[in-house]
Amino acid sequence: MLLRHIRYLLAVAEHQNFTRAAEELHVSQPTLSQQIRQLEESLHVQLFDRSGRSVRLTDAGEVYTSYARRALQDLDAGQRAIHDVQDLSRGLLRLAMTPTFTTYFIGHWVERFNALYPGISLNIKEMTQDQIEISLAENQLDLGIAFSDVRSPDIDSEPLFIETLSLIVGQSHRFIGQQTSLTAKMLEHEGLALLSKDFATRSHIDLYFQKQGITPRIAIEANSISAIVEIVRRGRLATLLPDVIAHEQTGLYSIAIQPTLPQRNAVLLWRRGAYRSAASQAFANLITHHFDVHQESDDF
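Quick caveat: nothing in here was measured; it's all calculated off a predicted structure. (Residues numbered from 1 in each chain as written. Predicted model: local features only at pLDDT ≥ 70, side-chain atom pairs only at ≥ 80, totals over all residues. Heavy atoms only, no water.)

**Topic: the overall build of the protein chain**
Right, on to step 1. Of regular secondary structure, the protein chain possesses 11 helices and 13 strands.
Right, on to step 2. Scaling as 2.2 N^0.38, a compact globule of 300 residues should have a C-alpha radius of gyration of about 19 Å, whereas the protein chain reaches 31 Å, well beyond that.
Right, on to step 3. Its C-alpha atoms give the protein chain principal-axis dimensions of roughly 105 × 30 × 30 Å.
Right, on to step 4. Sorting the 300 residues of the protein chain into buried and exposed places 42% on the buried side. (Helix = DSSP H or I, 4+ residues; strand = E, 2+ residues; numbered from the N terminus. Rg over C-alpha atoms; globule rule 2.2 N^0.38 Å. Buried < 20%, exposed > 50% of the residue type's maximum accessible area, 1.4 Å probe, protein only.)

**So, unusual backbone geometry**
Right, on to step 1. Following Gln258, the chain continues to Pro259 via a peptide bond in cis, the omega torsion being -10°.
Right, on to step 2. Residue placement: Pro259 occurs in the loop between strand 12 (257-258) and strand 13 (263-271).
Right, on to step 3. The backbone of Gln16 shows a phi angle near 55°, a positive value even though the residue is not glycine.
Right, on to step 4. In this fold, Gln16 is placed in the loop between helix 1 (3-15) and helix 2 (18-25).
Right, on to step 5. Residue Gln16 is classed as partly exposed on the basis of its relative accessible area, which comes to 31%.
Right, on to step 6. With a phi close to 60°, Asn139 is a non-glycine residue in the positive phi region.

**Regarding the packing of aromatic side chains**
Right, on to step 1. The full count for this structure, using the stated rule, is 13 aromatic pairs.
Right, on to step 2. Ring geometry for Phe113 and Tyr117: centres 5.0 Å apart, planes at 55°, overall tilted.
Right, on to step 3. Note on Tyr117: relative accessible area 21%, which makes it partly exposed.
Right, on to step 4. Joined through ring pairs, the aromatic side chains of Phe101, Tyr104, Phe105, Trp109, Phe147, Phe161 and Phe291 make up one cluster. (Phe/Tyr/Trp six-rings, centres within 6.5 Å; stacked < 30°, edge-to-face > 60°.)

**Considerations on the pattern of salt bridges**
Right, on to step 1. Per the stated rule, a full pass over the model turns up 14 salt bridges.
Right, on to step 2. Among the ionic pairs, Glu40 bridges to Arg50, the shortest N-O distance being 3.0 Å. Of this pair, Glu40 sits in helix 3 (residues 29-43) while Arg50 sits in the loop between strand 1 (48-49) and strand 2 (56-57), and the two are 10 residues apart along the sequence.
Right, on to step 3. Residue classification places Glu40 among the buried residues on the basis of a relative accessible area of 6%.
Right, on to step 4. Taking the shortest distance from any N to any O, the salt bridge between Asp206 and Lys197 comes out at 3.1 Å.
Right, on to step 5. Of the residues examined, Asp206 reaches a relative accessible area of 24% and is grouped as partly exposed.
Right, on to step 6. Of the residues examined, Lys197 reaches a relative accessible area of 57% and is grouped as exposed.
Right, on to step 7. The network of salt bridges with common partners includes Lys197, Arg202, Asp206 and Glu221. (Salt bridge = Lys/Arg side-chain N within 4 Å of Asp/Glu carboxyl O.)

**So, the nonpolar core**
Right, on to step 1. In terms of nonpolar packing, the biggest core is built from 42 residues, with Phe101, Ile145 and Phe283 touching the most fellow members.
Right, on to step 2. If you count residues domain by domain, this core takes at least three from each of domain 2 (91-161 + 265-296) and domain 3 (164-264).
Right, on to step 3. Every residue in contact with Phe283, bar those within four places of it in the chain, is listed here: Leu93, Leu95, Ile106, Trp109, Phe113, Leu143 and Ile145. (Core = buried A, V, L, I, M, F, W, Y, C linked by side-chain atoms within 4.5 Å. Domains from an automatic or database assignment. Contact = heavy atoms within 4.5 Å.)

**Quick notes on the domain arrangement of the protein chain**
Right, on to step 1. According to the domain assignment, the protein chain contains domain 1 (1-83), domain 2 (91-161 + 265-296) and domain 3 (164-264).
Right, on to step 2. Its C-alpha centre places domain 1 at a distance of 47 Å from the equivalent point of domain 2.

**A look at the environment of His15**
Right, on to step 1. Within the secondary structure, His15 is located in helix 1.
Right, on to step 2. Between the C-alpha atoms of His15 and Val55, which are 40 residues apart in sequence, the distance is 8.4 Å.
Right, on to step 3. The contact partners of His15, leaving out residues within four places of it in the chain, are Arg20, Ala21 and Glu24.

**Focus: helix 9 (residues 225-234)**
Right, on to step 1. Buried residues of helix 9: Ile225, Ile228, Val229, Val232 and Arg233, and no others. Looking straight down helix 9, one finds that the buried residues subtend no more than 130° of arc, so they occupy a single side. In helix 9, those exposed residues whose orientation departs by more than 90 degrees from the buried face are Ser226 and Arg234. (Arc of directions from axis to C-beta.)

**Brief notes about the environment of Phe291**
Right, on to step 1. Tracing the backbone through its elements, the reader meets Phe291 in helix 11 (residues 278-293).
Right, on to step 2. In this structure, the C-alpha to C-alpha distance between Phe291 and Tyr67, residues 224 residues apart in sequence, is 52 Å.

Rendered as structure tokens:
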């Protein structure tokens with residue numbers, strides 16, 4: 001059965017006449033009659049009573065036509081929905097990112113994207129990079145934001161910006177106003193509040209201290225970036241986090257140390273060879289275009 005069979009059926013039912021229905025459909029009357037016969041044969045039932053001066057639906061035809069009319073309405077609505085999705089007046093974007101990005105990155109871009117495309121629903125999740133790659137490969141996500149050390153061969157990436165880790169302190173910390181340059185060795189006996197070891201950021205921090213031959217004094221570990229931020233903001237402990245967090249959060253200060261802390265390449269991730277919806281393409285274009293133009297800027 002083809003869509004034209006449904007349209008032909010409804011036209012004949014409306015006009016109760018094959019000739020007038022054929023004129024409306026711009027087909028010949030024999031062609032229309034043949035198509036209706038094919039439909040009846042496929043359903044194994046007679047849809048029209050042709051014995052009188054006008055053509056009338058049989059009981060079976062009445063029942064089937066009511067369903068056919070609803071089906072055609074749904075198909076027409078689907079066609080309009082496709083147009084809406086393509087022109088971004090509706091749709092869904094499934095996005096995930098590693099935890100540090102929820103602190104300083106995503107709020108700005110969600111606000112901008114929502115202002116441009118208010119009809120697009122956003123489903124945002126916080127995951128480890130391994131979880132993001134698995135979810136992308138299983139088509140549970142459209143896009144991910146993580147780092148360039150991609151492990152799965154099923155995932156493609158595109159660079160966004162370079163993230164730099166820094167020493168971050170609150171306004172009451174003794175390093176505020178430090179006149180001499182700060183060295184890594186000076187941190188050895190400094191109380192630190194660090195992310196727990198299940199964060200990729202912590203792995204970079206541990207590797208840095210290991211390379212400097214330092215055993216840090218870790219006063220607090222937490223699996224929440226917001227908790228670390230509040231602890232440092234209100235107390236006298238320091239932390240190591242992306243330096244842009246100090247620019248985004250009031251009461252925090254970024255302090256450079258030598259040797260410099262590691263940098264990481266933030267990237268956009270998606271499943272290799274996957275269909276890119278209009279919504280995911282629009283979000284990708286929004287952020288990649290910005291970083292192409294403002295590679296030296298900290299304005300996220």
